[in-house]
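The chain contents come next:
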Amino acid sequence: MDKVIMTDVTGRDGFQMEKEWIQTEDKVRIIDRIIASGIPRIEATSFVSPKAVPQMRDAKEVIGAIKRENIEVIALVPNVKGAELALEAGVDEVNYVLSISETHNLKNVKKTVDESIAGVKEIQKLMDSSRITVSLATAFGCPFEGLYNVDKILGNIETLTEAGLNRFTIADTTGMANPSQMTEFIAAITEKYPDHYFGLHLHNTRGMGLANLYAAYQAGLRHFDAALGGIGGCPFAPGASGNVCLEDVVHMFQFMGVPIDGELPQLINTALDMEKLLGRQLPGQVMKAGQSDKTHVA
């Protein structure tokens, strides 16, 4: 049985939505505990304008402080400047976000889709394409434009493939996908591009996050993003809520007997710690109920 590989996005997609400043040492503490649990990949921060996303203004300090042993460290970058800063900080990989929705892309990065494609080509001049993953946001639909046909994302992948890129994250930025659509999209994408790397980034906006993730798993995908406690969201899309929950995903696969890294009790304890840090109840379910094999006195 193929192993599932998780990328934790708490430090970036999770923390970026928090309005109250989170101290750098607190961010590092949470990320280090996720790393210590055995999660193999961490999207720790983003090198974006501090005016646009103030919570990310300590990106360099976070990258410099986290424990880098046995871990791939990723940072989101919106442009060449962000990629330069990420490389200076010593990241292993950059995540370049490009929305396939013209409307969302303009709101998110103030560029047309064609301009964003030109932007990633400039980043290719700085670093090897094997260190660049392109996240195709609003892949299944956009709150401004509606649901999409799979041909829309296939066209974008084809354009980027012609530019020499072969690593992609398919992102349901506002949780619009359903399991049937997920199965159709993933099957079509992986059939056409069997040698590409594809990950999946899901939001639980409409309560279908885990169902969509499992549908993608059944369709053959093995790389998934998630955030501790289910925190996060998109600041540029109405109604967007948190990511699929890291410890819930790990719990699901472990109890299904699917190989996956991540020490579940440590993830649950870290989620509870983060709940205290953020000062509100988080969406995660396993952190509330405990593991399925937990018993109570009758």
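Refer to the structure presented above.
Described in the following lines is the structure provided in the data block. Residue indices begin from 1 for each chain and proceed along its sequence in written order. Only residues with pLDDT of 70 or above have their local features reported here, since the model is predicted, and side-chain atom pairs are shown and tallied only from 80 upward, although totals for entire chains, interfaces and linings are computed over all residues. As a rule here, side-chain values come from all non-hydrogen atoms in the structure, and water together with hydrogens is ignored.

1. Structural notes on the nonpolar core
Thought 1: Definition used in this section: a nonpolar core is a set of buried Ala, Val, Leu, Ile, Met, Phe, Trp, Tyr and Cys residues joined via side-chain atoms within 4.5 Å. Three exposure classes are used, based on accessible area relative to the maximum for each residue type with a 1.4 Å probe and protein chains only: buried under 20%, partly exposed in between, and exposed over 50%. Counting 92 residues, the largest nonpolar core has Leu-136, Ile-153, Ile-170, Leu-200, Phe-224 and Phe-253 as the members making the most contacts within it.
Thought 2: Contacts are assigned to residue pairs with any non-hydrogen atoms lying within 4.5 Å of each other. Here Leu-200 is in contact with Phe-140, Thr-169, Ile-170, Met-182, Ile-186, Asn-212, Leu-213, Ala-216, Leu-221, His-223, Phe-224 and Asp-225, once residues within four sequence places are set aside.

2. Observations concerning a negative patch on the surface
Thought 1: Residues form patches when they are more than 30% accessible in relative terms and have no salt bridge. Like charges link within 9 Å. Nonpolar side chains (Val, Leu, Ile, Met, Phe, Trp, Tyr) link within 5 Å. Residue exposure ignores everything except the shown protein chains as possible cover, and the areas themselves are Shrake-Rupley values with a 1.4 Å probe. By definition here, a salt bridge exists when the distance from a side-chain nitrogen of Lys or Arg to a carboxyl oxygen of Asp or Glu is within 4 Å. Think of it this way: Lys and Arg go in the positive column, Asp and Glu in the negative one, and His and the chain ends go nowhere. In this description, the location of a charge corresponds to atom NZ of lysine, CZ of arginine, CG of aspartate or CD of glutamate. Where like charges cluster on the molecular surface, the negative patch consists of Glu-102, Asp-114, Glu-115 and Glu-145.
Thought 2: Helix and strand definitions here come from DSSP, where helices need a minimum of 4 consecutive H or I residues and strands a minimum of 2 consecutive E residues; each element is numbered from the N-terminal end. For Glu-115, the position within the fold is in helix H6 (residues 113–124).

3. Some remarks on the packing of aromatic side chains
Thought 1: When two rings of Phe, Tyr or Trp (its six-membered ring) have centres within 6.5 Å they constitute a pair, described as stacked for plane angles under 30 degrees, edge-to-face for angles over 60, and tilted for the intermediate range. Counted under the stated rule, the structure contains 5 aromatic pairs.
Thought 2: Relative to Tyr-217, the ring of Tyr-214 has its centre 6.0 Å away and its plane inclined at 20°; by these criteria the two rings are stacked. Placement of both Tyr-214 and Tyr-217 in helix H9 (residues 209–218) is noted, with a separation of 3 residues, approximately one turn of the helix.
Thought 3: Each ring is checked for a lysine NZ or an arginine CZ that lies within 6 Å of its centre and within 35 degrees of its normal; such an atom marks a charge sitting over the ring. One Lys or Arg, Arg-57, reaches over the ring of Trp-21 and ends 3.8 Å from the middle of that ring.
Thought 4: Above the ring of Tyr-148, the side-chain terminus of Lys-152 is found at 5.0 Å from the ring centroid.

4. Concerning the environment of Lys-192
Thought 1: Inspection of the secondary structure assignment puts Lys-192 in helix H8 (residues 179–192).
Thought 2: Since its relative accessible area comes to 43%, Lys-192 is described here as partly exposed.
Thought 3: For the pair Lys-192 and Thr-133, spaced 59 residues apart in sequence, the C-alpha to C-alpha distance is 18 Å.
Thought 4: The residues contacting Lys-192, other than those within four sequence positions of it, are Leu-154 and Glu-158.

5. Observations concerning the packing of H9 against helix H10 (residues 246–256)
Thought 1: Note on geometry: axes are C-alpha line fits, over the in-contact stretch for helices, and angles between N-to-C directions span 0 to 180 degrees. Their axes nearest at 11 Å, the elements H9 and H10 cross at an angle of 50°. With respect to each other, H9 and H10 are oriented oblique. Handedness of the crossing formed by H9 with H10: right-handed. On H10, the residues touching Leu-210, Leu-213, Tyr-214 and Tyr-217 of H9 are Asp-248, Val-249, Met-252, Phe-253 and Met-256.
Thought 2: Put simply, Ala, Val, Leu, Ile, Met, Phe, Trp, Tyr, Cys and Pro go in the nonpolar bin, Asp, Glu, Lys and Arg in the charged bin, and everything else, Gly too, in the polar bin. Of the residues that constitute the contact of H9 with H10, the class distribution is 8 nonpolar, no polar and 1 charged. Roughly parallel means an angle under 35 degrees; roughly antiparallel means over 145; roughly perpendicular covers 65 to 115; every other angle is labelled oblique. Here a crossing is called left-handed whenever its near helix is offset anticlockwise from the far helix by less than a right angle, and right-handed whenever the offset is clockwise.

6. With respect to the layout of surface pockets
Thought 1: In this structure, the second largest pocket encloses a volume near 210 Å³.
Thought 2: Every definition here rests on a 1 Å grid over the protein atoms only: cavities are sets of points where a 1.4 Å probe fits but cannot get out, pockets are open sets enclosed by protein on both sides within 12 Å along at least five of seven lines, and lining residues have some atom within 4 Å of a point. Lining the second largest pocket are 17 residues; nearest its centre among them are Asn-204, Val-244, Cys-245, Asp-248 and Pro-283.
Thought 3: If you tally residues by element for the lining of the second largest pocket, the top one is H9, at 3 residues.
Thought 4: Considered class by class, the residues forming the lining of the second largest pocket number 6 nonpolar, 10 polar and 1 charged. Grid points are joined across faces, edges and corners, and a volume is the space filled by probe spheres set on the points.

7. A word on the pattern of salt bridges
Thought 1: The tally for this structure, following the rule as stated, stands at 14 salt bridges.
Thought 2: The partner of Lys-3 in a salt bridge is Asp-261, and the shortest N-O contact between them spans 3.0 Å. In this pair, Lys-3 is assigned in the segment before strand S1 (5–8) and Asp-261 in the loop between H10 and helix H11 (264–278), connecting sequence segments 258 residues apart.
Thought 3: For Lys-27, the salt bridge identified is with Asp-58, shortest N-O distance 3.0 Å. Placement of Lys-27 in helix H2 (residues 24–36) and of Asp-58 in the loop between strand S2 (41–46) and helix H3 (59–65) is noted, with a sequence separation of 31 residues between them. Neither residue differs from the other here; Lys-27 and Asp-58 are each classed as buried.
Thought 4: Among the charged side chains, a salt-bridge network with shared partners connects Asp-26, Arg-29, Arg-33 and Asp-273.

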